[in-house]
Amino acid sequence: MHAFKDGGCDHRPDDQDWGRDNRPVINLSWHDAQAYVKWLSAKTGEVYRLPTEAEWEYAVRAGSEAEYSWGNQIGEGRANCSGCGSQWDDEQTAPIGSFDPNSFGLYDVHGNVSEWVEDCWHGSYEEAPADGTAWTQGCSEYQRIVRGGYWGNVPLLGQSSHREWLPRLNRYTMVGFRVARSMDWPAQ
């Protein structure tokens, strides 16, 4: 689905001439990502959104407690980051699926692009929602969280637990997003 062509977005993100079809979308703000999930929800009749910070980390870890979904060392050629041993390190995004998926089947969860999540920035998890919902209260509305690290970060910044904040209104070459779909679960 092409949100820009279909009227779902008013901003066509610059791809830096790296390619659109098999690269993560970049050069977008948190608001641009929100516009996309709103459009996708309307187009499909399902409820799509940015993942919460807790959902993002759970999905990336895929049952692991290690620094990366495969272990505690970055290794060689497992991700796209500065010093990760890929042909794209420090240069640009890698094509989607260039690295092995985690055990949940998710690709490119460490490095490549940092990803917007729903939550706004808090300096710690003290008083965070215990149910995994987005934490959007009691913080600066302008500081939104990105997770995962990007192609120019050192491996440490791509670890499962690493988090940073960026101003939500700005567009960044190194930031993209994933979508989550809300589902109603049967009552137990």
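Residues numbered from 1 in each chain as written. Predicted model: local features only at pLDDT ≥ 70, side-chain atom pairs only at ≥ 80, totals over all residues. Heavy atoms only, no water.

1. Section: the sheet that holds strand β4 (residues 163–167)
Sheet architecture is open: four strands sit in the order β4-β3-β2-β5, paired in mixed fashion. The sheet is open, and its two edges are formed by β4 and β5 (175–177), each paired on a single side. With strand direction ignored, the average angle separating the axes of adjacent strands in the sheet is 50°. With three bridges connecting them, strand β2 (residues 114–120) and β5 associate as parallel partners. Of the residues in β5, the one forming a bridge with W116 is F177. (Pairing = 2+ DSSP bridges. Helix = DSSP H or I, 4+ residues; strand = E, 2+ residues; numbered from the N terminus. Axes fitted to C-alpha atoms, helices over the stretch in contact; angles between N-to-C directions.)

2. Here's the deal with the state of the cysteines
The tally for this structure, following the rule as stated, stands at two disulfides. Note that C81 is cross-linked by a disulfide to C84, the S-S spacing being 1.5 Å. When the S-S torsion is 45°, as for the bridge of C81 with C84, the disulfide is right-handed. Judged by relative accessible area, which is 0%, C84 ranks as buried. A sulfur-sulfur separation of 1.8 Å characterises the disulfide bridge that pairs C120 with C139. Of this pair, C120 sits in strand β2 while C139 sits in the loop between β2 and β3 (143–147), placing them 19 residues apart in sequence. The connectivity of the disulfide-linked cysteines in the chain, indexed sequentially, is 1-2, 3-4. (Disulfide = S-S within 2.5 Å. Buried < 20%, exposed > 50% of the residue type's maximum accessible area, 1.4 Å probe, protein only.)

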